[in-house]
Amino acid sequence: MESSEPATGPHARDRDAAGRPRNARPRDGLGRPLPKGMPGVPTTPDDLILPPVEALREAQRLLDGGRPFHAHEVLEAAWKASGRPEREFWRGLAQLAVGLTHARRGNTEGASRLLRRAADRIEDYAAAPPYGVPVAALTAWARSTAQLIDRADGSLSDQALTPELLEQR
């Protein structure tokens, strides 16, 4: 029989009042967990819900600052809060940010795979792009960046790993 008591000990995970895991562990700029008690960079609050255009602007700000993991958290929150018609769009954008996280961490295989998956997922929205996202251009960017990552030795510039989520900034 499983215990309903919360886990305790050195590997216990922080949880909110409803029992959902919280993101309380400090993280570095690429989202890698740091030992407890070490200073980390600010993360996205677990309960963040932004209107779609604000979520895109915040994700772009984080991408521009070289923090794709944190952009992923913003986009993932938008994905989880979205309705059915746009759910896969937001999921694709979150995957794009995760792909960029992998690229910056040096995981080229995972990066190119996720960027291609993101492109496949958002491509369906090109005919009627939501929220001013240049979907066709972003899809092409993700696929060409995946090819660059496959051919590169892992040393792509920050600029090469920063997409444009919004047409007008």
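Look above for the structure.
Residues numbered from 1 in each chain as written. Predicted model: local features only at pLDDT ≥ 70, side-chain atom pairs only at ≥ 80, totals over all residues. Heavy atoms only, no water.

*Asks:* I'd like a rundown of the packing of aromatic side chains, residues and numbers included.
*Replies:* For the structure shown, the criterion picks out three aromatic pairs. Pairing Phe-89 with Trp-90 gives two aromatic rings, centres 5.5 Å apart and planes at 75°, and the pair type is edge-to-face. Taking the relative accessible area as the measure of exposure, Phe-89 reaches 0% and is therefore buried. Taking the relative accessible area as the measure of exposure, Trp-90 reaches 1% and is therefore buried. (Phe/Tyr/Trp six-rings, centres within 6.5 Å; stacked < 30°, edge-to-face > 60°. Buried < 20%, exposed > 50% of the residue type's maximum accessible area, 1.4 Å probe, protein only.)

*Asks:* Please give an account of the side chain of Thr-145 that cites residues and values.
*Replies:* Note that Thr-145 resides in helix H5 (residues 135–151). Overall, Thr-145 belongs to the buried group, its relative accessible area being 2%. A polar contact of 2.8 Å, which involves the side chain of Thr-145, links it to the backbone oxygen of Trp-141. Aside from chain neighbours lying at most four places away, what touches Thr-145 is Leu-115, Ala-160 and Leu-161. (Helix = DSSP H or I, 4+ residues; strand = E, 2+ residues; numbered from the N terminus. Polar contact = N/O pair within 3.5 Å; in protein donor to acceptor, adjacent residues only side chain to side chain. Contact = heavy atoms within 4.5 Å.)

*Asks:* So what's going on with the pattern of salt bridges? Residues and values would help.
*Replies:* By the definition in use, this model includes eight salt bridges. A salt bridge links Arg-121 to Glu-88, with the shortest nitrogen-to-oxygen separation between them at 2.3 Å. Taken as a pair, Arg-121 in helix H4 (residues 108–122) and Glu-88 in helix H3 (residues 84–105) lie far apart in primary sequence, 33 residues in all. Given a relative accessible area of 19%, Arg-121 falls into the buried group. Residue classification places Glu-88 among the partly exposed residues on the basis of a relative accessible area of 29%. (Salt bridge = Lys/Arg side-chain N within 4 Å of Asp/Glu carboxyl O.)

*Asks:* Run through the nonpolar core, naming residues and quoting values.
*Replies:* Within the largest apolar cluster, 33 residues are counted, with the highest numbers of intra-cluster contacts made by Leu-75, Phe-89, Trp-90, Leu-93, Leu-96 and Leu-138. For this core, the secondary-structure elements that each account for two or more residues are helix H1 (52–64), helix H2 (68–81), H3, H4 and H5. At eight residues, H3 tops the list of elements feeding residues into this core. (Core = buried A, V, L, I, M, F, W, Y, C linked by side-chain atoms within 4.5 Å.)

*Asks:* Run through the packing of H1 against H2, naming residues and quoting values.
*Replies:* Two elements in contact, H1 and H2, have axes separated by 7 Å at closest approach and are oriented at 165°. The orientation of H1 relative to H2 falls into the category roughly antiparallel. In this structure, H1 meets H2 at a crossing whose hand is left-handed. Only Pro-68, His-70, Ala-71, Val-74, Leu-75 and Ala-78 of H2 make contact with H1, whose side of the interface consists of Ala-55, Leu-56, Glu-58, Ala-59, Leu-62 and Leu-63. Within the contact of H1 with H2, the residues separate by chemical class into ten nonpolar, one polar and one charged. (Axes fitted to C-alpha atoms, helices over the stretch in contact; angles between N-to-C directions. Parallel < 35°, antiparallel > 145°, perpendicular 65-115°, else oblique. Left-handed = near helix turned anticlockwise from the far one by under 90°. Nonpolar A, V, L, I, M, F, W, Y, C, P; charged D, E, K, R; others polar.)

*Asks:* Hey, could you go over H3 for me, with residue numbers and the actual values?
*Replies:* In a regular helix each residue adds 1.5 Å, so 22 residues correspond to 32 Å; H3 covers 32 Å between its end C-alpha atoms and thus fits that length. As for H3, its buried residues are in contact with H1, H2, H4 and H5. One or two positions beyond H3, positive phi appears at Gly-106, with a value near 95°. (Expected span 1.5 Å × (residues − 1).)

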